[in-house]
Amino acid sequence: MSALLLLEQGLNGLQFGLMLFLLAAGLTLVFGIMDMVNLAHGSLYMIGAYLMATLAQATGSFWIALPLAMAATAAVGMALEAGLLRRLYERDHLSQVLATFALILIANDLVRMIWGPQALLLDAPRALAGTIEIIPGAPYPAFRAFIIGVGLAVAAALYWMIVHTRVGALVRAGASNREMALALGVNVKRLFTLVFGLGAALCALAGAMLGPLLAVQIGMGESILIQAFVVVVIGGIGSIRGALVGALLVGMLDTIGRAFLPVLLRGFLSNNIADALGPTLAAMAVYILMAAVLYWKPTGLFAARG
Amino acid sequence: MKRIFAAAALACVGFNPAGAADKLKIGFISTLSGPAAALGVDIRDGLNLAIKHQGGKLGGLPVDLIVGDDTFSPDVGKQLTERMLKRDDVHIMTGIVFSNILLAVAPAVFQDQTFYISPNAGPAEFAGDRCSPFFFNVAWQNDNLHEAMGKHVADKGYRNVYLIAPNYPAGRDALNGFKRFYKGATSGEVYTKLGQLDYAAELAQLRAAKPDAVFIFLPGGMGINFIKQYNAAGLAAAVPLFGPGFSADEDVIRAVGEGMQGMFNSSQWNRDIDNPQNRRFVADFEKDYGRAPTLYASQGYDAGLLIDSAVRAVKGRIEDKSAFRAALRKADFKSVRGAFRFNKNHYPVQDYYLRLIAKDEKGRLTNRIVGTIFKNHSDAYVKSCKM
Amino acid sequence: MALSRSRTALALVLAATIAFPFLAEAAGGGYYVGLMTRVMIYALAATSLNLVLGYGGMISFGHAAFFGAGAYAVAILAQEGVTSVWVAWPMAIAAGAALALVIGAISLRTRGLYFIMITLAFAQMLYYFFVSLKAYGGEDGINLVVRSRLPGLDLRDETTFYLLVLALLAGCLYLLGRLAASRFGAVLRGIRENEARMTALGYPTYRYRLACFTIAGGAAGLAGALIVNQHGFVSPGLLDWTQSGTLLIMLILGGVGWLYGGVAGAAAMLLLEEVLSLWTGYWKLGLGLVLLFVVLRAPGGVGSWFARGNARG
């Protein structure tokens, strides 16, 4: 097990964690400020990826398609919020679960109707098709390095927005004490719609970044949604900082676990059993981490609620 | 609400008389959605083309093809099978791409005494001691294409090969088959999750292991993603990649593009096999569907021809199961791959070719046969079959 | 007046349900007997969730874990040669109950969203556990070698199996009704309404909740034993969070807290799926729209239409 291998897997964990962060950030804001369980967040990620694939095909350029896809998905998100989800804020969590679960079913079938059942191909941009040497002597795929860069940039931008702008102050106020924010006369409706749109745009960005690595397919949101929820719970509802820390923890644990547990287990189990058990234990490790965090800090690592 | 169903059930009786068949009902379940959809779609299109070439009939009987999408899930496949066997009363079942889905579905089909003609999945389980009189495979046994590559890689003198396959029955069959003919050292034998699309971790490990060649069995979207990521990681230039035809056919070439050039792979069929039925198949497939056929499409087509020959031989009386079975065994049809015959376990005995991805005379990137690896090759499990 | 009307309705439904398989078989629709059996099994699973959610007030997003554990218990025992109903089915119930006891003991220390997430996490852990069980199918699942054997009855006959499932479902509904009307049920209701008050009154609320959770887990385990017999197959997918979500949806659709909420919801959802899929491949869209309608317009589910006027909960 060389140092270079460990380093490369570490970068992979960082890359995965930062993508989870993009999804978890939007989710934690919606949850923290609007107190709404939004199971359809994964569907926004799917729609973002599909729009990106279609626009990239139509314009022939990844770079032109990216902002367009983000804007289009934000528009879809905001329309959804204003048209439908707004009515659920005052309802109990169970009703929100039912309604957003219904949205998952509807979104999956609508996407199938429009784009067909086969997966779409989304390619990484030509400029990033090769490798770069972040660490001299260790080539790393340029596109993955780009993802890490984008993730870090978004984290920085969100931090600046939350801490240094008025909108960010409103978001923080809404997350920590909604009733008080309302009482202070904050234009809640507009704030909510904007927050939702921001979350949707981040979903689209994640979809566009992960699309070339995974596949743009129906139901792609469901598998990543649960991991995003776990990140939100670990990090604390309403906290962007928590979402970042939680996402990095989960990303690293999952990737490094998946990479090294099978190797460890092969010492005393047959190859294909070790290869099945390894990822299983790595996946379970993430949930065990969540259970442990909840046991010691029941509201998560950086709870925003006062 | 339950009364409505009793009434609906009554109505169904009018449509499905049990007894003499005036129509051939074929239950087709395959993977038609998701990253592996290209495979199921090709098999379906190949089968439909065969039916079209026989004038909408097979063996003289009009065909009712009932299509279901297993969405890559054994559970869904099982539910669809139950519906097709019990509600739709199909005479023949076919279509499944993936062996894990087939293994979940097949017991119910055999118990119902319905024939299963597999145009793809060929698990070792049904080639040996669990061989069934109701199971026929018109493609290959899972190990075969990998055995061929194992022999080729061994013949070429590679000494340190890294192996990757998905962790499911056909994946294990694949690496067993490869190792049956490649006796050299392996610097890694990795089983990935079926359906996995991100291979960052595996590629990092591969790089660290420093093999002199890599053999993968990753069908459909899995292979597309792996090869793209393999190229992106800068490994393609350093370490040659080998695979069976599943990881190197038209669907992968379309998705990956130029990066596929120069890859060797194995197959029992290719578009340039020269006989009249193959020429007609390839030309009409391209005309009707606007794309080049893969080996999956050829298998779907041959399944149609096999059924046609057998139904014709029993003159439409498919209820006579032992006669129908004998007719299927005869395999009296002209396969697009040339000569075709079944072994006693109902798996094919056939030649396997070495293919190379290169530009053809029209400048298109496609496969070309450059050699024959095995002649009249049968599978390794037939001896344990007691049929 | 309302009581005797609902009693008559119940008697009619019961009579129709008993008569159904004989009519269906005679009409050549044997497939529908299997379908209705499946509806009843999911009704049992949803009813067990009703105990937790409707009567206990706990939103569990991991109920499919107990359902799946029961199914696997029967399938694994069958693979090892144990097929008797008297051994395998109680083992399934025990598996569901034991898991519920352990998971509940840890999860019930949390509240609200955190309870939802922890139950979800445990269910996912169990899902991954079954995926890793290569000897018992792993991700590909296992076929049930042969249906459970009950001396005196041939469970391979669809009608016989149907009637047995009906008897079990009716029995469980009866028991749930008795439980709800008992002191235990009253305490649970009190805890659901105002836990602080019940604690102040001296009730060990945690223990009551845990008992409720465990009983529900056992019932779900029984449903699991039945589903693997009906379907002939089980895979880890049965424990996935989307399955837990489906059970929740069924219950909410049927009416949380109404005795027959699980039955109504399971019947509505599965039959809707069957009917819609005859017309279009896009039946999920139709189902989603119906669900949205229910949330926005009829929040009490189907149960709110029937149970108006009757004392609920």
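Not measured: the values here are computed from a predicted model. (Residues numbered from 1 in each chain as written. Chains lettered and ligands numbered in written order. Predicted model: local features only at pLDDT ≥ 70, side-chain atom pairs only at ≥ 80, totals over all residues.)

## Some details on the overall build of chain B
Moving on, step 1. Along its length, chain B carries 12 helices and 14 strands.
Moving on, step 2. A globule of 387 residues ought to have a C-alpha radius of gyration of about 21 Å, and chain B, at 21 Å, matches this closely.
Moving on, step 3. Here the C-alpha coordinates of chain B stretch approximately 65 × 50 × 45 Å along the principal axes.
Moving on, step 4. Long-range pairs, those at least 24 residues apart, make up 72% of the contacts in chain B with a sequence separation of at least 6. (Helix = DSSP H or I, 4+ residues; strand = E, 2+ residues; numbered from the N terminus. Rg over C-alpha atoms; globule rule 2.2 N^0.38 Å. Contact = placed C-beta atoms within 7 Å.)

## Here we look at the interface of chain B and chain C
Moving on, step 1. Each partner contributes residues to the interface: chain B has 22 residues there, and chain C has 24 residues.
Moving on, step 2. At the level of elements, α1 (2–15), α3 (74–87) and α4 (99–111) of chain B are the ones that each hand at least two residues to the side of chain B that touches chain C.
Moving on, step 3. Looking at the side of chain B that touches chain C element by element, the count peaks at 8 residues for α1(B).
Moving on, step 4. Residues of the side of chain B that touches chain C, tallied by class, amount to 14 nonpolar, 2 polar and 6 charged. (Nonpolar A, V, L, I, M, F, W, Y, C, P; charged D, E, K, R; others polar.)

## A word on the packing of α3(B) against α4(B)
The relative placement of two packed helices is expressed as an angle between their axes plus a distance between the axes.
All names here are of chain B.
Moving on, step 1. The geometry of α3 relative to α4 is characterised by a closest axis approach of 9 Å and an angle of 30° between their N-to-C directions. In terms of their interaxial angle, α3 and α4 are classed as roughly parallel. The hand of the α3/α4 crossing is right-handed. When α3 is examined against α4, the residues Pro74, Gly77, Lys78, Thr81, Glu82 and Leu85 are found in contact with a partner set consisting of Asn100, Ile101, Ala104, Val105, Ala108 and Val109.
Moving on, step 2. Taken together, the residues of the contact of α3 with α4 sort by class into 7 nonpolar, 3 polar and 2 charged. (Axes fitted to C-alpha atoms, helices over the stretch in contact; angles between N-to-C directions. Parallel < 35°, antiparallel > 145°, perpendicular 65-115°, else oblique. Left-handed = near helix turned anticlockwise from the far one by under 90°.)

## Some thoughts on the sheet that holds strand β4 (residues 92–94) of chain B
Residues and elements named next belong to chain B.
Moving on, step 1. Here 6 strands make up an open sheet; going across it, the order is β2-β3-β1-β4-β5-β6 and the pairing mixed. The strands lining the two open edges of the sheet, one partner per strand, are β2 (57–58) and β6 (135–137).
Moving on, step 2. Pairing between β4 and strand β5 (residues 115–118): 3 bridges, direction parallel. For isoleucine 92, the partnering residue across the bridge sits in β5 and is phenylalanine 115. (Pairing = 2+ DSSP bridges.)

## Quick word on the nonpolar core
Moving on, step 1. Formed by 350 residues in total, the largest nonpolar core has its most connected members in A:Phe21, A:Ala24 and A:Met52.
Moving on, step 2. Broken down by element, this core gets its largest block of residues, 18 residues, from helix α2 (residues 30–55) of chain C.
Moving on, step 3. When we break this core down by domain, the ones giving at least three residues each are domain 1 (2–140 + 274–346) and domain 2 (144–267 + 352–384) of chain B. (Core = buried A, V, L, I, M, F, W, Y, C linked by C-beta atoms within 7 Å. Buried ≥ 20, exposed ≤ 12 C-beta atoms within 10 Å, placed from the backbone. Domains from an automatic or database assignment.)

## Quick word on the pairing of strand β8 (residues 185–192) of chain B
Moving on, step 1. Direction of pairing for strand β7 (residues 160–166) of chain B relative to β8(B): parallel, over a ladder of 7 bridges. Residue pairing across strands places B:Tyr162 opposite B:Gly188, the latter belonging to β8(B).

## With respect to the confidence of the model for chain B
Moving on, step 1. Confidence in the prediction of chain B, expressed as mean pLDDT, is 92, and 95% of residues score 70 or more.
Moving on, step 2. Counted against residues more than four places away or in other chains, residues 9–19 of chain B, with its pLDDT under 50, gives 12 contacts. (pLDDT = per-residue confidence, 0-100.)

## Brief notes about helix α3 (residues 64–79) of chain C
Residues and elements named next belong to chain C.
Moving on, step 1. Counted at 1.5 Å a residue, the expected span for α3 with its 16 residues is 22 Å, and the 22 Å between its end C-alpha atoms agrees.
Moving on, step 2. Counting buried positions along α3 gives 15 out of 16 residues, so the element sits mostly inside the fold.
Moving on, step 3. Glycine 81 sits one or two positions beyond α3 and adopts a positive phi of about 100°. (Expected span 1.5 Å × (residues − 1).)

## Some details on the interface of chain A and chain C
Moving on, step 1. Between chain A and chain C, the residue contacts involve 31 residues of the former and 32 residues of the latter.
Moving on, step 2. Here the element with the most residues in the side of chain A that touches chain C is helix α4 (residues 93–115) of chain A; it accounts for 15 residues.

## Overview of the environment of A:Leu80
Moving on, step 1. Structurally, A:Leu80 is set in helix α3 (residues 62–83).
Moving on, step 2. On a C-alpha basis, the gap between A:Leu80 and A:Phe196 in space is 9.1 Å, while along the polypeptide they are 116 residues apart.

## As for the packing of α3(C) against helix α5 (residues 112–132) of chain C
All names here are of chain C.
Moving on, step 1. Where α3 meets α5, the axes come as close as 9 Å, and the angle between the chain directions of the two elements is 25°. Of the possible angle classes, the one that applies to α3 and α5 is roughly parallel. Here α3 runs over α5; the crossing is left-handed. Taking contact as the criterion, the partners of Ala64, Ala65, Ala69 and Tyr72 in α3 are, on α5, Phe122, Ala123, Leu126 and Phe130.
Moving on, step 2. Class assignment for the residues of the contact of α3 with α5 results in 8 nonpolar, no polar and no charged.

## Focus: the domain arrangement of chain B
Accessible area lost during the coming together of the parts is what is often quoted as the interface size.
Residue and element names in this part refer to chain B.
Moving on, step 1. Here chain B is described as being made up of domain 1 (2–140 + 274–346) and domain 2 (144–267 + 352–384).
Moving on, step 2. Taking only C-alpha atoms into account, the centre of domain 1 sits 28 Å from that of domain 2.
Moving on, step 3. On the side of domain 2, 22 residues touch domain 1, which itself brings 23 residues to the contact.
Moving on, step 4. When residues of the side of domain 1 that touches domain 2 are assigned to their parent elements, the largest contribution, 3 residues, is made by α4.

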